[in-house]
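What follows is the residue order along each chain.
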Amino acid sequence: MQSVAYSPQFCSLTEWSQRHIHDIFEASTDEQALAAIAATFTPDVNATINGTPITREHIKQLVLSLRKGSKRGLKVHWQTAVEHPEDPFTNREGSFSGSYIIRGIYKILPGHSTPVEFERRKTVQVRIEAQSPELSIDSRQIVHLAFVASDVRVGRQATL
């Protein structure tokens, strides 16, 4: 009798990415957000924001800073998503690109006594890789991240 290696199919890279971004930004507590970051990014992730290199620690600081300025919690709204799994039968590794808006950000601007609402517009490109050779374990994490982000004041957005 011939044995056949079993390799389960995990959810798509798009589903995985959207779930992990949701878990980071829409977490109920800072501790949950930090745990989601640890589950999403490798400790030595190769990352940039607007072309500037950052570490996973910087990612944590950026997320906590956004969360601190939120009155009612952050909400992620996906605009686009494109994926390219290396093996579409397993979805263990591949590339993902997408754009989303984070709403619920408030900042105090010079000359204002109350916080002003902003939304962060982000475009991300990531490389996702399995961290374990065990095929039955979903060990996917982001090993490379490049994102461009810009904060736009709500109510002052230019129309195209």
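Heads up: the structure comes first, above all this text.
Figured I'd write up the structure that's included with this text. (Residues numbered from 1 in each chain as written. Predicted model: local features only at pLDDT ≥ 70, side-chain atom pairs only at ≥ 80, totals over all residues. Heavy atoms only, no water.)

Along the backbone of the protein there are three helices and six strands. Tracing the protein from N to C terminus, the helices and strands come up as α-α-β-β-α-β-β-β-β. In terms of overall dimensions, the protein has a C-alpha envelope of 75 × 35 × 30 Å along the principal axes. The buried share among the 160 residues of the protein stands at 41%. In the protein, 62% of the contacts between residues at least 6 apart in sequence involve partners at least 24 apart. Total accessible area on the protein stands at roughly 9,400 Å², and carbon and sulfur atoms take up 53% of it. (Helix = DSSP H or I, 4+ residues; strand = E, 2+ residues; numbered from the N terminus. Buried < 20%, exposed > 50% of the residue type's maximum accessible area, 1.4 Å probe, protein only. Contact = heavy atoms within 4.5 Å. Areas by Shrake-Rupley, 256 points an atom, 1.4 Å probe, with all protein chains shown as cover.)

Here we come to the sheet that holds strand 6 (residues 140-153). Sheet strands associate in pairs through backbone hydrogen bonding, adopting either a parallel or an antiparallel arrangement. As summarised here, the arrangement of the six strands in space is 2-1-6-5-4-3, forming an open sheet in which the pairing is mixed. Strands with a single pairing partner mark the edges of an open sheet, and in this sheet they are strand 2 (52-54) and strand 3 (75-85). On average, each strand axis in the sheet is inclined to that of its neighbour by 20 degrees, with strand direction left out of account. Inspection of the sheet shows strand 1 (residues 41-49) paired to strand 6 by five bridges, in the parallel sense. Of the residues in strand 6, the one forming a bridge with Ala47 is Leu145. Against the sheet, helix 1 (residues 13-25) engages strand 1, strand 3, strand 4 (94-107), strand 5 (116-130) and strand 6, with an angle of about 150 degrees to strand 3. Together, strand 1, strand 2, strand 4, strand 5 and strand 6 form the strand contacts of helix 3 (residues 56-68), whose direction differs from that of strand 1 by roughly 70 degrees. (Pairing = 2+ DSSP bridges. Axes fitted to C-alpha atoms, helices over the stretch in contact; angles between N-to-C directions.)

Summed over the entire model, instances satisfying the criterion amount to three aromatic pairs. Aromatic side chains Trp78 and Tyr100 sit 4.6 Å apart centroid to centroid with 50 degrees between the ring planes, which places their arrangement in the tilted category. Here Tyr100 lies in strand 4 and Trp78 lies in strand 3, a separation of 22 residues in the sequence. Given the relative accessible area of 2%, Tyr100 is considered buried. The aromatic ring of Phe118 is capped on one face by Lys107, whose charged end is 4.8 Å from the ring centroid. (Phe/Tyr/Trp six-rings, centres within 6.5 Å; stacked < 30°, edge-to-face > 60°. Lys NZ or Arg CZ within 6 Å of the ring centre and 35° of its normal.)

What follows covers the pattern of salt bridges. In this structure the tally under the stated criterion is ten salt bridges. Of the charged contacts, one joins Glu26 and Lys75 as a salt bridge, the two residues approaching to 3.8 Å between their closest N and O atoms. Here Glu26, found in the loop between helix 1 and helix 2 (30-40), pairs with Lys75, found in strand 3; they are 49 residues apart in sequence, far enough to count as distant. Here Arg140 and Asp138 are joined by a salt bridge, their closest N and O atoms 2.8 Å apart. (Salt bridge = Lys/Arg side-chain N within 4 Å of Asp/Glu carboxyl O.)

For Asn50, which is not a glycine, the phi torsion comes out positive at approximately 50 degrees. At Asn91, a position not held by glycine, the phi torsion is positive, near 60 degrees.

Further remarks concern helix 3. For helix 3, spanning 13 residues, the distance from its first C-alpha to its last is 18 Å, which sits close to the expected 18 Å at 1.5 Å a residue. Inspection of helix 3 places Arg56, Ile59, Lys60, Val63, Leu66 and Arg67 among the buried residues, and these make up the whole buried set. All buried residues of helix 3 lie within an arc of 130 degrees about the axis, which places them on one face of the element. Along helix 3, exposed side chains directed more than 90 degrees from the buried face belong to Ser65 and Lys68. (Expected span 1.5 Å × (residues − 1). Arc of directions from axis to C-beta.)

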